[in-house]
Amino acid sequence: MSKSFLSVESLSKSFPASGKNEDLVVFENVDFKIEQGEFVCIIGHSGCGKSTILNILAGLDSASDGVVIMDGREVAGPSLERGVVFQNYSLLPWLSALQNVIFGVRSRWPQWSKKQIQEHSEKFLKLVGLEEAMQRKPAQLSGGMRQRVSIARAFATQPKLLLLDEPFGALDALTRGNIQDELLKIWSETKQTVFMITHDVDEAILLADRVLLMSNGPRASIAESVSISIPRPRDRSSIIEHPGYYKIRNHLVNFLVKRAGDKEDSGSGTRIVDPAADAPVDAGAQSDLLRSAPGQEKSFKVSG
Amino acid sequence: MPLNMRAALVSVAILFVWLLLWESATPVPEATEALSEFELLMGGADQEARVPPPSKVVGHAWDELSNPFYDAGPNDKGIGIQLGYSLYRVLTGYLAAALIAIPLGFVIGMSPLMYKALNPFIQVLRPISPLAWMPLALFIIKDSEKSAIFVIFICSIWPMLINTAFGVANVRGDWLRVAKTHELGPLSTAFRVILPAAAPTILTGMRISIGIAWLVIVAAEMLVGGTGIGYYVWNEWNNLDLNSVIFSILMIGVVGMLLDLALSAVSRLVQYQE
Ligand SMILES: Nc1ncnc2c1ncn2[C@@H]1O[C@H](COP(=O)(O)OP(=O)(O)OP(=O)(O)O)[C@@H](O)[C@H]1O
Ligand SMILES: [Mg+2]
């Protein structure tokens, strides 16, 4: 057994049959591990079960089979140890931006003084560049600003694991780029472990240490774990000049367009890939940047 | 000109036209002063025009409002005192109803079981005219004052109960998930998330209730008598003092409007934009 920070073991989720149909198995045999401080993105076609996996990690949903173990303990129910940023921001509309962050901080450290809570919350709002808008209600903020508040709230509670469900899905490209920068900045300062769903291949390459590729449902699984071996700090404008960038990008796009639906992929374990290195990587030859320990993920399971 | 100004102008114009029509349709019967009370009761010399013109009503209103709190015996109290009695009953019954309806509405809204279990009772009790409770209330409570308060209680409880339950049951799942991921206990969730989320709906219920309570108190006081604006209207009708009847009708409207304005001010405080 490994001592990974987070380990997801043969997770599956099915929904009861409606009418005469068989049970709907959304995904099965999902195995992966995340190391402390790692930034992992998951990509897959719509409906393959990414949000379901994230909700199970958050403790908001329960799996039909399998376990999630974080820090040596099984995940059962929601906890402040795992912060969630939902796609629709989920800010409380009757509270100002600052009060929304305070809501999180106060729940996390109820014993703190009012002043301490306020200062801590303001610090994180400043980190996402919102010092001017702290007193405004969510309805008076743009979509991008709301998402920043939501990110500030999640980071301010300093959870051991941050779960982001398509946090930038509803934003235009320009705003999205800016907030990606904010996210990288705040992540590099806090060194939190992040698990993020995205539909955007370039976003995944910019942010992640590793990208998990999900095959199409039903009976989806994690087909590949792709290392993004591009050194940090990364920068949106210069990252495309890195020699590995297009290799990785082509690999990811190729998977999504051509191979995500291949049924041979599912159930046969997760392949470890490093497209930026020319030869297929061997677990021992990983650079220091890749904090993952991929050798353990090769769990060959019989297809169900 | 801004819209509000124009609207105010039109309002004044409508009022003016209405008063003019009213005034011209009800010429002061001559020699009214000379008629004895007996003749007045019998319809007097003039068989038709009993409704006083606005000029007389306004004059009477001026007299009444310049001394609203005089008390000259059980049948002759100032309009302020009568309104005070009615307001006291309405507010007492209404607050008691709120104290029960809002917590109970929370329980019903949060628990599908309680919702299903209590729904038949609510559906049967709600359509009962509040005045239908009066005989039973008088029999059990044996006090007309308290019975009137009970009638207010029973009529204002339903909108608050139903709106609270509805508001609580329909709090957005996202916000409840925020509460869960922040490890809020049931009480914290109720006070920090559900209450503010449902507050606008609850306030709507409270506003409907106060409106109904004010409608019902007039009828209830006509029934139980003694004091209050409802009794006052009925008493002045018996005295055939139509000046007072019209004046008190106006006052009922004004006080009802003020109650509604007060609650709408509160509801603006808890309103939020999604
Ligand atoms: N309560 C439910 N009952 C039945 N099926 C469900 C239920 N909830 C989700 N599903 C199914 O589970 C599958 C996965 O849903 P999920 O929301 O996790 O997908 P996703 O990968 O996040 O998609 P997207 O990228 O569009 O957000 C979908 O096919 C959906 O139809
Ligand atoms: Mg989703």
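For clarity, every value in this text was computed on a predicted model and none was experimentally measured. Each chain carries its own residue numbering, running from 1 in the direction its sequence is written. Chains and ligands are labelled by the order in which they are written, letters from A for the one and numbers from 1 for the other. For this predicted model, a pLDDT threshold of at least 70 governs which residues receive local features, and a threshold of 80 or more governs which side-chain atom pairs are given and counted, while totals over whole chains, interfaces and linings are taken from all residues. Based on all heavy atoms of the structure, the side-chain values leave hydrogens and waters out of the count.

A.B. asks: What's the story with the sheet that holds strand S3 (residues 39-43) of chain A in this structure? I'm lost.
C.D. replies: The strands that make up a sheet pair up through hydrogen bonds in the backbone, lying either parallel or antiparallel. All names here are of chain A. The strand order across the open sheet built from seven strands is S6-S7-S8-S3-S9-S10-S11, with neighbouring strands paired in mixed fashion. Across the chains shown, the open sheet's two edge strands, defined by having one partner strand only, are strand S6 (82-85) and strand S11 (271-273). Neighbour to neighbour, the strand axes of the sheet diverge by 20° on average, direction disregarded. In this sheet, strand S9 (residues 210-214) lies alongside S3 in parallel orientation, the contact comprising four bridges. Paired with Val40 across the strands is Arg210, a residue of S9. The contact definition used throughout considers only heavy atoms, calling two residues in contact when any of these lie within 4.5 Å. A fitted line through C-alpha atoms serves as each axis, taken over the contacting stretch for helices, and the angle formed by two N-to-C directions is quoted from 0 to 180°. A run of H or I in DSSP becomes a helix once it reaches four residues, and a run of E becomes a strand once it reaches two; helices and strands are each numbered from the N terminus. Each of S6 and strand S7 (161-165) touches helix H4 (residues 143-156); the most contacted strand, S6, lies at about 180° to it. Paired strands, as defined in this entry, are two strands with at least two bridges between them according to DSSP.

A.B. asks: Explanation requested: the environment of Asp262 of chain A in the structure shown.
C.D. replies: Considering the arrangement of structural elements, one finds Asp262 of chain A in the loop between helix H7 (245-259) and S11. Residues Asp262 of chain A and Gly49 of chain A lie 213 residues apart in sequence; the distance between their C-alpha atoms is 17 Å.

A.B. asks: Can you walk me through the interface of chain A and chain B in this structure?
C.D. replies: Frequently, the measure chosen for interface size is the accessible area removed from exposure when the parts meet. Residue-level contacts link 21 residues of chain A with 16 residues of chain B. Accessible area, probed at 1.4 Å, shrinks when two parts are joined; the buried area is that loss added up over both. Surface buried jointly by chain A and chain B totals about 1800 Å² across both partners, of which 66% is contributed by carbon and sulfur atoms. On the chain A side of the interface with chain B, the three residues burying the most area are Pro93, Trp94 and Phe103 of chain A, jointly 33% of the side's total. Between Lys or Arg on one side and Asp or Glu on the other, a salt bridge is scored when a side-chain nitrogen of the former is within 4 Å of a carboxyl oxygen of the latter. Our count for the contact surface shared by chain A and chain B stands at zero salt bridges. Pairs of N or O atoms within 3.5 Å make up the polar contacts considered here, provided that, within protein, one atom can donate a hydrogen while the other can accept it, and that residues adjacent in sequence are counted only when both atoms are side-chain atoms. Where chain A packs against chain B, one counts six residue pairs in polar contact (both at pLDDT 80 or more). Among the elements that make up the side of chain A that touches chain B, the one with the highest residue count is helix H2 (residues 97-108) of chain A (four residues). Note on residue classes: Ala, Val, Leu, Ile, Met, Phe, Trp, Tyr, Cys and Pro are nonpolar, Asp, Glu, Lys and Arg are charged, and everything else, Gly too, is polar. Counted by class, the side of chain A that touches chain B contains eleven nonpolar, seven polar and three charged residues.

A.B. asks: Would you explain the packing of aromatic side chains in this entry?
C.D. replies: To describe a pair of aromatic rings, one takes the distance between the centres and the angle between the planes. Classification of ring pairs rests on two measures: the distance between centres of Phe, Tyr or Trp rings, Trp counted by its six-membered ring, which must be within 6.5 Å, and the angle between planes, read as stacked under 30 degrees, edge-to-face over 60 and tilted in between. Following the criterion strictly, the structure yields ten aromatic pairs over all chains and no others. Relative to Trp187 of chain A, the ring of Phe39 of chain A lies with its centre 5.4 Å away and its plane at 75°, an arrangement referred to as edge-to-face. With Phe39 of chain A in strand S3 and Trp187 of chain A in helix H5 (residues 173-190), the pair connects residues that are 148 residues apart, well separated along the chain. One exposure class covers both Phe39 of chain A and Trp187 of chain A, and it is buried. Seen from their ring centres, Trp18 of chain B and Trp22 of chain B are 6.0 Å apart, and the 35° between their planes marks the pair as tilted. In this pair, Trp18 of chain B and Trp22 of chain B both sit in helix H1 (residues 3-25), four residues apart, roughly one turn of the helix. In this structure an aromatic cluster arises from ring pairing among Trp94 of chain A together with Trp175 and Tyr272 of chain B. Throughout, exposure labels follow a simple rule: accessible area from a 1.4 Å probe, protein chains only, divided by the maximum for the residue type, with under 20% read as buried, over 50% as exposed, and the rest as partly exposed.

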